[in-house]
Amino acid sequence: MTEIRQAVVLAAGRGKRMGEITAETPKPMLHVQGKPILEHILDRLATAGVKRFLLVVGYRRELVVNHFTGWRLPVEFRVQDPVNGTGSAAGLAREFAGDEPFLLTFGDILCEPSAYRECMKSLNEQTAAVMGVKWVDDPWQGAAVYADEAGVIQRVVEKPAPGTSRTHWNSAGLYALRPLAFDYLDRLAPSPRGEYELTDIFDRMLAEGKELRIASIAGDWRDVGRPEDLAALNATGDGSSK
């Protein structure tokens, strides 16, 4: 298992699908069982062995900075301005990451510490990046990930039309990356909606012959995207849901 001691969490967006709930509070700072979603994420990353963190902040960033300044483990901050996509947000981590591999996830994805460990374990010496994946009936709401029997990724299809995918693997929003990723992030072009998308780097990596692998995520996992997700989490009592 590749030892990874640093993690980047993208937490710059407002979370528009939450509606008025995020009018004054960024989505990663919404509370689940008495503490922010973002703190649950950092706690679980720390349990997996992460020792230092970078939070990429934007909307109402002072709330994030004030909460995590002086946290129990070192936390750094980078401001994304404008907030124009996950790819440009990830690119702000270059100085923080240095020459070491790192975990990257989003400020609205809750999973178990074992999910992060699985990504670490899958990052071998030949692998440029690992994508955490979940088994779903149809990955049309996210990114469909095609991999061979050995777990090597063949292609990634972002937002496929419902019923068109021949894979059940859906991107789970967590990654293990080597610093090589920044070379690809630097070359990103805006998507049709005018944003720089993190997942676009994987297409280019594959086109240039880089090895990418999946890490199958078992156990509880939740994309906290809508008010009903938040309500369900606060009803379960454990801060997670399958």
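Heads up: the structure comes first, above all this text.
Residues numbered from 1 in each chain as written. Predicted model: local features only at pLDDT ≥ 70, side-chain atom pairs only at ≥ 80, totals over all residues. Heavy atoms only, no water.

> I'm lost on the packing of aromatic side chains in this one. Help?
Two measures describe an aromatic ring pair: the distance that separates the ring centres and the angle between the ring planes. Considering all chains together, one arrives at six aromatic pairs under this definition. Centroid distance Phe53 to Trp71: 5.7 Å. Interplanar angle 80°. Geometry classified as edge-to-face. In this pair, Phe53 sits in strand β4 (residues 52-57) while Trp71 sits in the loop between α2 (61-68) and β5 (75-79), placing the two residues 18 residues apart along the sequence. The class for Phe53 is buried, based on a relative accessible area of 0%. Using a relative accessible area of 13% as the deciding quantity, one classes Trp71 as buried. Ring plane angle 25° and centroid distance 5.5 Å describe the contact between Tyr175 and Phe202, whose orientation is recorded as stacked. (Phe/Tyr/Trp six-rings, centres within 6.5 Å; stacked < 30°, edge-to-face > 60°. Helix = DSSP H or I, 4+ residues; strand = E, 2+ residues; numbered from the N terminus. Buried < 20%, exposed > 50% of the residue type's maximum accessible area, 1.4 Å probe, protein only.)

> Explain helix α5 (residues 113-122) here, please?
Every α-helical turn comprises 3.6 residues, leaving residues that sit three or four positions apart pointing alike. Taken together, the buried positions of α5 are occupied by Pro113, Ala115, Tyr116, Cys119, Met120 and Ser122. Here the buried face of α5 lies against α1 (37-47), β6 (102-106), β7 (109-111), β8 (127-135), β11 (169-177) and β12 (211-216). (Contact = heavy atoms within 4.5 Å.)

> Would you take a moment to explain the environment of Ser171 for this structure?
Looking at the element boundaries, Ser171 is found in strand β11. Ser171 gets classed as buried once you look at its relative accessible area, which sits at 14%. For the pair formed by Ser171 and Ala232, sequence separation is 61 residues and the distance between their alpha carbons is 22 Å. Discounting residues that sit within four places of it in the chain, Ser171 has contacts with Met131, Gly132, Val133, Ala143 and Val145.

> Help me out: how do you make sense of the environment of Val130 in this one?
Along the chain, Val130 turns up in strand β8. Sequence separation between Val130 and Leu177 is 47 residues; the distance between their C-alpha atoms is 6.5 Å. When residues no more than four places from it in sequence are discounted, the contact partners of Val130 are Cys119, Ser122, Leu123, Leu174, Tyr175, Ala176, Arg213, Ile214 and Ala215.

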